Amino acid sequence: MKTVEYYLLDVFTDQPFTGNPLAVFLEAGELETSTMQALANELNLAETVFLSAATRPNHFPMRIFTPTQELAFAGHPTVGTAHLLAALELVNRDQTLVLQPPIGELAVRYDQGRATFTTAQPASIKDSNLDHATATELLGLEAHQVVGNPVLASFGLPFHLIELADITALENVRISTTTWMRAVAPSSAEQVYLYVMEQTNEAETVIKSRMFCMHASLCEDPATGSAAAALTGYLASLQPDALQCKIHQGVEMGRPSIIHTAANGGIKHGLVEVGGYAAVVGRGAFDIHQTIG
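This structure is a prediction, so every number in the text was calculated from the model and none was measured. Throughout this description, residue numbers start from 1 for each chain and increase along the sequence as written. It should be noted that, the model being predicted, local features are given only for residues of pLDDT at least 70 and side-chain atom pairs only at 80 or more, the latter also being counted only at that level, while totals for whole chains, interfaces and linings use all residues. Computation of side-chain values covers all heavy atoms of the structure but excludes hydrogens and water.

**Concerning the side chain of Gln37**
Spelled out, the test is: Numbered from the N terminus, helices here are DSSP runs of H or I no shorter than four residues, and strands are runs of E no shorter than two. A contact between two residues is defined here by any heavy atoms of the two lying within 4.5 Å.
With respect to the helices and strands, the residue Gln37 is situated in helix 1 (residues 33-43). Not counting chain neighbours up to four residues away, the residues in contact with Gln37 comprise Phe65, Thr66, Pro67, Thr68, Gln69 and Glu70.

Next comes the structure, spelled out in structure tokens:
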């Protein structure tokens, strides 16, 4: 029998019981992949992180699991893990932290309590298989409430990006599972990210968003860093100027979150910075049986 400990955090918030929950197992590199998947399924959070011991100072291999699959990359696990390592004083905050998920190395910096990472590769942006009419039907809205045609964008996890006309439209979304199974499921991208451009000025673009996905069943996510990165990468591709976004998500779920993103300007072309806060809210342990080694 082996006892493995984990920490619980709420991510993209500085207030407990808001934002997006996350579990992080430390020094879990000896666990079998099947055991990691079973633990993620048992916890049933959006994502669970398994860290291996540092390969050198401030460098940590990282694996990310949903209850049903391993992910190459995800945003809120990256930010949450960075905050946990800092809270436990396992990293030097004055130096760059490097997390190593399957997609590649993610450089994380700390600044005034916020952890910010840079995507490992440029965004992939292409047309979505969803057209305006299908998106309107999928969301249960009127045609004038959906702006333009959806776009598919990804930094490792693809999202159908659908712009809505206003906050009322965002609040009134009612997903049609029939349309989802007909139009979204065959696309190999079962994540839909809805957004409203609420305010734009020279300093910052304020965006309201919601994210829906279909794995075992239809669910909504309170804070999705990979989706925020995909959206920012797409918006940055439309104009060359420096872009800074403040993205609100999770309000309709009662778990408000804030994701800060940036692109262009001094950031390498095609890459996006994603940052936010996190709060450590608890810890636990599992007694497991497996053969190690």
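**Thoughts on the environment of Ala133**
Of note, Ala133 is situated in helix 3 (residues 132-139). Distance from Ala133 to Leu271, taken between C-alpha atoms, is 31 Å for residues 138 residues apart in sequence.

**Regarding the nonpolar core**
As a reminder, the rule being used: To define a nonpolar core, start from buried Ala, Val, Leu, Ile, Met, Phe, Trp, Tyr and Cys residues and group those joined through side-chain atoms within 4.5 Å. Exposure is judged per residue with a 1.4 Å probe applied to protein chains only, and the accessible area is read against the type maximum: over 50% gives exposed, under 20% gives buried, and values in between give partly exposed.
Leu97, Leu99, Phe159, Leu161 and Tyr193 are the most contacted members of the largest nonpolar core, which has 55 residues in total. Not counting residues within four places of it along the chain, the set of residues in contact with Leu99 comprises Leu51, Phe60, Met62, Thr78, Thr81, Ala82, Leu85, Gly104, Glu105, Leu106 and Val108. Leu138, Leu141, Ile175 and Met214 belong to the second largest nonpolar core, which has 20 residues in total.

**Considering the pairing of strand 13 (residues 205-214)**
Definition in use: For two strands to count as paired, DSSP must find a minimum of two bridges between them.
Of all 10 residues in strand 13, 9 are buried, a share of seventy percent or more. Judged from the 9 bridges that link them, strand 12 (residues 191-200) and strand 13 form a sheet pairing that is antiparallel. Counterpart to Val192 in the pairing with strand 13 is Phe212. Taken together, the 4 bridges between strand 13 and strand 15 (residues 243-249) define a ladder with parallel strand orientation. Residue pairing in the sheet places Thr205 in a bridge with Cys245 of strand 15. Bridging between strand 13 and strand 14 (residues 218-221) involves 4 bridges; their strand directions are antiparallel. Bridge pairing links Met214 to Leu218 in strand 14.

**A look at the environment of Glu190**
When you line up the elements, Glu190 lands in the loop between helix 5 (177-184) and strand 12. Residue Glu190 is classed as partly exposed on the basis of its relative accessible area, which comes to 22%. Residues Glu190 and Leu218, 28 residues apart in the sequence, show an inter-C-alpha distance of 9.7 Å. In contact with Glu190, other than residues within four places in its own chain, are Trp180, Val184, Ala185, Phe212, Cys213 and Met214.

**What about helix 2 (residues 75-87)?**
Cut-off, in case you're wondering: To estimate the expected span of a helix, count its residues, drop one, and scale the result by 1.5 Å.
Here helix 2 contains 13 residues, and its C-alpha end-to-end distance of 19 Å stays within 8% of the 18 Å for a straight helix at 1.5 Å per residue. One or two residues past the end of helix 2 sits Glu89, with phi positive at roughly 55°.

**Looking at the pairing of strand 10 (residues 146-154)**
Pairing of strand 9 (residues 124-127) with strand 10 involves 4 bridges; the strand directions are antiparallel. Looking across to strand 10, one finds that Asp127 is bridged to Val151. Summarising the sheet, strand 10 and strand 11 (residues 158-164) pair through 6 bridges and their orientation is antiparallel. Residue Val151 lies in a different strand from strand 11, and its bridge partner there is Leu161. The hairpin formed by strand 10 and strand 11 contains 3 residues between the paired strands, and Gly156 there has a positive phi angle of roughly 130°.

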